[in-house]
Amino acid sequence: MILPITIYGHPVLRKIAKDIDNEYPDLENFINNMWETMYYSDGVGLAAPQVGKSIRMFVIDYNPENEDEDIAETDSDSNSDIIDGNKPFKRCFINAQITERFGDEVIYPEGCLSIPGLNENVKRPDTITIEYYDENWVFHKETYTGFGARVIQHEYDHLEGKVYTDHIAPIRKRLIKGKLNSISKGKFKAKYRYILG
Ligand SMILES: [Zn+2]
């Protein structure tokens, strides 16, 4: 089932999301709905608060061949614990905790299904370590570099009550204030259903 997306200004996007346990009702069905909603909306990732649930869960399916932009290759690393986030990956992250952020700060434009019609440059560290459970409740601790690290940080922000525009430079933020205001009032075009705050 395709779920409606919560839009900038909706209070659920400002809440700190809570961990769940394996008794969480109808989790498998919810995860399937997240995937379906993400693909329908042409998103690379989707976090639970974006469909109105304040739980620590997000899904990502990153495949560079679907992207318009050329993604720079990173050097392959001898350390096999490090996942090259410029290569395709698909994961469901439950009870996610980013435990480390390091590496160079990289600037790259981001967009968000909850902020339709806007793309802004965001500076983020290019490497992160994350601990999470997958959809089978198997624990993982992984380090991602490159674009994958960016997508994870973007989705993770949604669990922390943040959105990517919180990170942009103050002067730029003042310039787009009116635009964000219009978006929060529903003045945008989107092919997906949505819920305003
Ligand atoms: Zn987002």
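In short, a report on the structure. (Residues numbered from 1 in each chain as written. Predicted model: local features only at pLDDT ≥ 70, side-chain atom pairs only at ≥ 80, totals over all residues. Heavy atoms only, no water.)

## Remarks on the overall build of the protein
Stated precisely, the cut-off is as follows: The helix and strand labels rest on DSSP assignments: H or I over at least four residues marks a helix, E over at least two residues marks a strand, and numbering proceeds from the N terminus. Two things to know: the radius of gyration comes from C-alpha atoms, and the globule rule equals 2.2 Å times the number of residues to the power 0.38. Under the scheme applied here, a residue whose accessible area is under 20% of the maximum for its type counts as buried, over 50% as exposed, and between as partly exposed, the area being computed with a 1.4 Å probe on protein chains only. In this analysis, two residues are considered to be in contact whenever any of their non-hydrogen atoms come within 4.5 Å of each other.
From N to C terminus, the protein includes three helices and eight strands. In the protein, the succession of α and β elements from N to C terminus is β-α-β-β-β-β-β-β-α-α-β. Taken over C-alpha atoms, the radius of gyration comes to 16 Å for the protein, in line with the 16 Å a tight globule of 197 residues would show. Here the C-alpha coordinates of the protein stretch approximately 50 × 45 × 30 Å along the principal axes. Relative to its full complement of 197 residues, the protein shows a buried share of 48%. Partitioning the contacts of the protein with sequence separation of at least 6, the portion at a separation of at least 24 is 71%.

## Details of the pairing of strand β6 (residues 115-133)
Quick note on the threshold: Strand pairing is assigned whenever DSSP identifies at least 2 bridges connecting the two strands.
Pairing analysis gives 13 bridges linking strand β5 (residues 89-112) to β6, with the strands arranged antiparallel. Of the residues in β6, the one forming a bridge with Y108 is V122. By the bridge criterion, seven bridges tie β6 to strand β7 (residues 139-145) in an arrangement that is antiparallel. Of the residues in β7, the one forming a bridge with E131 is K141. Remark: five residues form the turn of the hairpin made by β6 and β7, two consecutive strands paired antiparallel; W137 in that turn has positive phi of roughly 60°.

## A closer look at the pattern of salt bridges
A side chain of one charge can pair with a side chain of the opposite charge if their charged atoms are brought near each other. Selection criterion: A pair is scored as a salt bridge if a Lys or Arg side-chain nitrogen falls within 4 Å of a carboxyl oxygen belonging to Asp or Glu.
Going through the model one piece at a time under the given rule, you end up with eleven salt bridges. Here D19 ties to R56 by a salt bridge, and the two come within 3.9 Å at their closest N and O atoms. Of this pair, D19 sits in the loop between β1 (5-6) and α1 (27-40) while R56 sits in the loop between β2 (45-47) and β3 (57-62), and the two are 37 residues apart along the sequence. Judged by relative accessible area, which is 4%, R56 ranks as buried.

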